[in-house]
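Observations on chain architecture
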Amino acid sequence: MNKTIIKYKDKEFNCSLAFTLLLIGDKYKSLILFHLKDGSQRSGELQKSITDISNRMFTYSIRALEEDKLVKGTVYPVTPPKVEYELTEAGKSLIPIILKLDQWGQDFANEHHLYAPCE
């Protein structure tokens, strides 16, 4: 059997799913990708759209997504500095998968009666 190993950032992955989860697997990275699906957003606007994300976690997650070439940030030379983020082609290719995960979560919550009425 011929095994293929993925080498990325001084790590080796025997499983492509483990590699994919490294790139998008944490809660905030996936949510950032999800919120960028309809187009570019300014940094503050994007951060506000994600419930309970701290400045530190947003900065960590967005930088990791940029480093992994899933998100591109454009800095505009104005005062105060303006940064807009958008999906790269690789990031856009993940959107159908993320939307499927979102739908699965909705279906699971419906099937198990997990939705609570709003007051």
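Structure report, in brief. Remember, it's a predicted structure, so these values are computed and weren't measured experimentally.

Here we take up the pairing of strand β4 (residues 71–76). Successive residues of a regular strand alternate their side chains across the two faces of the sheet. Note: β4 against strand β5 (residues 82–87), 6 bridges, orientation antiparallel. Across the sheet, the residue bridging to T74 is E84, located in β5. Connecting β4 to the antiparallel partner β5 that follows it, the hairpin turn spans 5 residues.

Of the two faces of β5, only the one carrying V83, Y85 and L87 is buried; K82, E84 and E86 on the other face are not. Judged from the 2 bridges that link them, strand β3 (residues 41–42) and β5 form a sheet pairing that is antiparallel. Its bridge partner lying in β5, R42 is registered against E84.

Before going further, it helps to examine unusual backbone geometry. A cis amide bond links T79 with the next residue in sequence, P80, at an omega value of -10°. Among the structural elements, P80 can be located in the loop between β4 and β5. You will see that D10, though not glycine, has its phi angle at about 60°, which is positive. In this structure, D10 sits in the loop between β1 (6–8) and β2 (11–13). For D52, which is not glycine, the phi dihedral falls at a positive 65°. For D52, the position within the fold is in the loop between α3 (43–48) and α4 (55–67).

About the cut-offs
Along each chain, residues carry numbers from 1 onward, in the same order as the chain's sequence is written. Thresholds applied to this predicted model are a pLDDT of at least 70 for local features of residues and 80 or more for the giving and counting of side-chain atom pairs; totals over whole chains, interfaces and linings are not thresholded and use all residues. As a rule here, side-chain values cover all heavy atoms of the structure and leave hydrogens and water aside. Strands are labelled as partners when DSSP assigns at least two bridges between them. By the criteria applied, helices consist of DSSP H or I runs no shorter than four residues and strands consist of E runs no shorter than two, each listed in order from the N terminus. Each residue is assigned to one of three classes by its accessible area relative to the maximum for its type, calculated with a 1.4 Å probe on protein chains only: buried under 20%, partly exposed between the two thresholds, exposed over 50%.

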